Amino acid sequence: MRLAAAELVDQREILPGQWLQSYHAPSLTAGVRAGQFVHVRTGDYAGLLLRRPFSFNTVDAATGILTIHFRTIGGGTEWLTRLRPGESVDMLGPLGKPFEVDRRSRHVLLIAGGLGMAGVRLLADEALRAGRQIVMLFGAATARDVYPSSLLPDEVEYVVATDDGSMGHHGHVTDLVPDYEAWADQAFACGPFPMLRALASLAAGRRARLGVASLGRKRGAGRTHATGSPEARRKAFLQVSMEQNMGCAVGACLGCVVMTVAGTPQRVCREGPIFAAEEIAWEAGW
Amino acid sequence: MKAKRKVVTSAGKAPVSQGTRSAIPRRRRPSRLPPLPTGRSLAIDPAVLSGEPRATRSQAIEAVDLSVDLAPRGSGLRLANPILVASGTFGYGVEYGEVVDVQRLGAICCKGTTLRPRIGNRTPRVTETPAGMLNSIGLQNPGVEAVVERYAPTWVGWDTKVIVNVAGESVADYVAVCRRLDGVPGVAGIELNISCPNVGREGLQFAIDADAAGEVTAAVRRVTDLPLLVKLSPNVADVRPIARAIADAGADALTAVNTLSGIALAADRRKPLLGNVFGGLSGPAIKPVALRIVYEVAQIVDIPVVAIGGVTELADVLDYLAAGAIAVQVGTAIFADPTLPVRLIDELAEECARRGLSSYGPLIGTALPRRPDAPSSKGVEYRP
């Protein structure tokens, strides 16, 4: 965790209302892993007080460039789009726990809903570097909100679903998952809460449907790991990136918690934002 | 009969108010300063990050004594400086350790601690509001036993004093927690949170009723010699009788104020946004309210008042000092700028040096009116 001034290098509106910004911040890019985020200070105290959390979208440690992908939804994100190259913002990061890919996983399934692409995008780079095969399932409302395939690495197999059928599969992105659940060794998702909840229930029934358990595969089966531990995530078939209104982003204010099946709230900023899907109490109504 | 004109010396000392009723009260007020290059700027001063200022500060600034005793009437709670971090915004002091020099802070008020663990309120728990934020954490904490076991051993080794914020639902709760904290190495003091707006009615009741506030303060006073601060609620019609009752019951200092009760609505306006419906408003938005309460309370109690509410820059600290506070807590602004409290310490020392002061004492209470019971030296004929 470091505080640094990040200089805006480049920005463009990749989709209507969605921006991709590149910042030069060498002290923040070292050692970043997929799933982690930066906490960005926008505006000044006059109106905007809290920082805004953004997942690392891509990171190039060699040049010290990081990118963030966001939708303009309020004063803070609009302020960011008014920045000009050369201007700096104050960033705190890297924060949070990363996705943990089991080293035996060859086939990696990434599932993104809308802006959830920002949460899993970096994992595509990371998994490719490790020589894994990747399928990216992406869901959006309409064709005009579909993340451009040109911004993804060529090696990624990109499958799209739209709610209105204007591109790709007509329906939810979760409909596509059963086609890949036998192929995938592990899945990683980011998106709206209902999507993650649907994926979690799919993942929960996967072992029974595929009969994986009876094949005697060893993934530490039978052993239980502490909630929020890297081992618990690495062992899980589905890992999710959770979202919550955030205050401090370092674990001090306890504002951004999610309820877990253990009955203890866990901080999205410290123990998360990546959790094993089976750790989250999806029906708790938190 | 002729009124003697008071002489204002150029030494920078605030004139002692003797009750002189000259036509224009001659009080030295903080002069207008050029805008400070910090606080509002977005880029971080590299000097702040590298810890440079300490080495390069001039001797005059080094010579300024910022130390303060928050419990002069009791067992004493001497802090290196009057900048504290507010309960709930700094966790247990360890969370911000990687980016903040925690050892330099005057004191840390830790997250509200209760007798038993609490899981807190439903989410969403925080939201931004104009110049502020609403929170309804609901006192999530692991309970006093865990706090003592997990964090107190760390606090022992710190230069910074740690004041444990204590919350409860009954007098018995408060007493039990304070009894447990009494004598624990690393715990420098207690801040009674009798005004949390985010828990059941029982907890809030203490802060809105003078008798109940006095009762819980007295009960805690009987079981511990630790310096005892009591945090006032702004959600009352008149805070003065409550403050007086708390002071009379043996508190060492008052903290003013806790958050203001408020709500926000969900984007579709079909329901309130926060999981708990009601939240506590903090940040620059509440500063005028907090300043008013500090101003009111400082005039009627003899114990120190620690101000809290929307501090984002040195001018806010100076305002609170002028309104009668002897120390200031920084809260919500830490979320935006974690280095702010440490920077305020340096800026306050610089300000004192600039005015030729050896301590910040003369800055305290300069905006307060003459004490009502102070004798007039001029006689009745000058009264309006």
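Asker: Before we go on, may I ask you to explain the overall build of chain A in this structure?
Answerer: Counting secondary structure elements, chain A contains seven helices and 16 strands. Expected size for 286 residues packed as a compact globule is a radius of gyration near 19 Å; at 18 Å, chain A falls within 12% of this value. Taking the principal axes of the C-alpha coordinates as reference, chain A spans close to 60 × 45 × 40 Å. With 286 residues in all, chain A has 52% of them scored as buried.

Asker: Would you take a moment to explain the overall build of chain B for this structure?
Answerer: Helix and strand content of chain B: 13 helices and 14 strands. Looking at chain B as a whole, 51% of its 384 residues qualify as buried. Pairs at least 24 apart in sequence give 73% of the contacts found in chain B among residues at least 6 apart.

Asker: In this structure, what is going on with unusual backbone geometry? I would like to understand it.
Answerer: Excluding glycine, most residues fall at negative phi; most peptide bonds, likewise, are trans. The linkage connecting A:G272 with the following residue, A:P273, adopts the cis geometry, with an omega of 5 degrees. Within the element layout of this structure, A:P273 appears in the loop between strand 15 (265-267) and strand 16 (274-276). Between B:T123 and the following residue, B:P124, the backbone shows a cis peptide bond with an omega angle of -5 degrees. Mapping B:P124 onto the fold places it in the loop between strand 4 (107-109) and strand 5 (126-129). Its identity as a non-glycine residue notwithstanding, A:L254 has a phi of 60 degrees, on the positive side. Inspection of the secondary structure puts A:L254 in the loop between strand 13 (238-241) and strand 14 (257-259). Despite not being glycine, B:R269 shows a phi value in the positive range, around 60 degrees. Tracing the backbone through its elements, the reader meets B:R269 in the loop between strand 11 (260-262) and strand 12 (279-282). B:R269 sits in the exposed class, given 8 other C-beta atoms within 10 Å.

Asker: How do you make sense of the sheet that holds strand 7 (residues 161-166) of chain B when you look at a structure like this?
Answerer: Two orientations exist for strands paired in a sheet by backbone hydrogen bonds: parallel and antiparallel. Residue and element names in this part refer to chain B. Strand order in the closed barrel made by the eight strands is 3-4-7-8-9-10-13-14, with parallel pairing throughout. Recorded for the sheet is a direction-independent mean angle of 25 degrees between the axes of neighbouring strands. As judged from the two bridges shared by strand 3 (residues 83-85) and strand 4, these two strands associate in the parallel manner. Residue pairing for strand 4: L84 is matched across the bridge by A107.

Asker: When you look at helix 11 (residues 314-322) of chain B in this model, what are you seeing that I'm missing?
Answerer: Since the α-helix packs 3.6 residues into each turn, any two residues three or four apart lie on the same face. Residues and elements named next belong to chain B. For helix 11, the buried fraction is high: eight of the nine residues fall into the buried class. Burial in helix 11 covers these residues: L314, D316, V317, L318, D319, Y320, L321 and A322. Looking at the buried residues of helix 11, the elements they touch are helix 10 (287-300), strand 13 (305-308), strand 14 (327-330) and helix 13 (340-354).

Asker: What should I look at first to understand the sheet that holds strand 8 (residues 107-113) of chain A in this one?
Answerer: Residues and elements named next belong to chain A. Read across the open sheet, the seven strands follow the order 11-10-9-8-12-13-16; overall the sheet is mixed. Single-partner strands in this sheet number two, and they are strand 11 (169-170) and strand 16. With two bridges joining them, strand 10 (residues 157-162) and strand 11 adopt parallel strand pairing. The residue bridging A161 from the neighbouring strand is H169, located in strand 11. Helix 3 (residues 117-129) rests against strand 8, strand 9 (133-140), strand 12 (186-190) and strand 13 of the sheet, and its axis sits at about 160 degrees to strand 8. Set on the sheet, helix 5 (residues 193-204) makes contact with strand 8, strand 12 and strand 13; between it and strand 13 the angle comes to about 170 degrees.

Asker: Can you help me understand the interface of chain B and chain A in this one?
Answerer: Frequently, the measure chosen for interface size is the accessible area that the parts lose on association. Contacts between chain B and chain A engage 38 residues on the former and 31 residues on the latter. Looking at the side of chain B that touches chain A, the elements that each hand over two or more residues are strand 5, strand 6 (132-135) and helix 12 (333-336) of chain B. Class assignment for the residues of the side of chain B that touches chain A results in 19 nonpolar, 13 polar and six charged.

Asker: Explanation requested: the domain arrangement of chain A in the structure shown.
Answerer: Residue and element names in this part refer to chain A. By the assigned domains, chain A splits into domain 1 (2-95) and domain 2 (107-279). Between domain 1 and domain 2, the contact holds 21 residues from the first and 21 residues from the second. Among the elements of the structure, strand 1 (2-15), strand 3 (37-41), strand 4 (52-55), strand 5 (58-60), strand 6 (65-71) and strand 7 (88-95) are those that each provide at least two residues to the side of domain 1 that touches domain 2. Considering every element that reaches the side of domain 1 that touches domain 2, the biggest residue donor is strand 6, with three residues. Among the residues forming the side of domain 1 that touches domain 2, the class breakdown is 12 nonpolar, six polar and three charged.

Asker: Looking at this structure, how should I read the confidence of the model for chain B?
Answerer: Predicted coordinates in areas of low pLDDT are best not read in detail. Residue and element names in this part refer to chain B. Across chain B, pLDDT averages 83, with 79% of residues at or above 70. The model gives residues 378-384 a pLDDT under 50, and that stretch makes seven contacts with residues more than four places away or in other chains. Across the interface, the model reports ipTM at 0.84; the global pTM reads 0.82.

Asker: Would you take a moment to explain the pairing of strand 6 of chain B for this structure?
Answerer: The side chains of a regular strand alternate between both faces of the sheet. Residues and elements named next belong to chain B. Residues of strand 6 alternate between two faces, with G132 and L134 on one and M133 and N135 on the opposite face, all of them buried. The antiparallel pairing of strand 5 with strand 6 creates a hairpin that spans two residues between the two strands, and A131 there sits at a positive phi of about 55 degrees. Strand direction decides the pairing type here: strand 6 and strand 12, joined by three bridges, are antiparallel. Its bridge partner lying in strand 12, M133 is registered against S282.

Asker: What is the right way to look at the nonpolar core in this model?
Answerer: Nonpolar side chains in soluble globular proteins tend to be buried together. One finds A:L110, B:L254, B:V294 and B:A325 to be the most contacted residues of the largest nonpolar core, which totals 201 residues. The residue makeup of this core includes at least three contributed by each of domain 1 (2-95) and domain 2 (107-279) of chain A.

Asker: Looking at this structure, how should I read the environment of A:V101?
Answerer: Residues and elements named next belong to chain A. Here V101 shows up in the loop between strand 7 and strand 8. Residue class for V101 comes out buried when judged on the 21 C-beta atoms lying within 10 Å of it. In this structure, V101 is in contact with V108, A127 and Q186, ignoring residues within four places of it in sequence.

Asker: I'm lost on the packing of helix 6 (residues 171-181) of chain B against helix 8 (residues 210-223) of chain B in this one. Help?
Answerer: The axes of two packed helices give the description: the angle between them and the distance between them. Residue and element names in this part refer to chain B. Where helix 6 meets helix 8, the closest approach of the two axes is 9 Å, and the angle between their N-to-C directions is 30 degrees. Here helix 8 runs roughly parallel to helix 6, going by the angle between their axes. Every pair of crossing elements has a handedness; the one defined by helix 6 and helix 8 is right-handed. Seen from helix 6, the contacting residues are V171, Y174, V175, C178 and R179; seen from helix 8, they are E215, V216, A219, V220 and V223. Residue classes in the contact of helix 6 with helix 8 are distributed as eight nonpolar, no polar and two charged.

Criteria and thresholds
- Residues numbered from 1 in each chain as written.
- Chains lettered and ligands numbered in written order.
- Predicted model: local features only at pLDDT ≥ 70, side-chain atom pairs only at ≥ 80, totals over all residues.
- Helix = DSSP H or I, 4+ residues; strand = E, 2+ residues; numbered from the N terminus.
- Rg over C-alpha atoms; globule rule 2.2 N^0.38 Å.
- Buried ≥ 20, exposed ≤ 12 C-beta atoms within 10 Å, placed from the backbone.
- Contact = placed C-beta atoms within 7 Å.
- Pairing = 2+ DSSP bridges.
- Axes fitted to C-alpha atoms, helices over the stretch in contact; angles between N-to-C directions.
- Nonpolar A, V, L, I, M, F, W, Y, C, P; charged D, E, K, R; others polar.
- Domains from an automatic or database assignment.
- pLDDT = per-residue confidence, 0-100.
- Core = buried A, V, L, I, M, F, W, Y, C linked by C-beta atoms within 7 Å.
- Parallel < 35°, antiparallel > 145°, perpendicular 65-115°, else oblique.
- Left-handed = near helix turned anticlockwise from the far one by under 90°.

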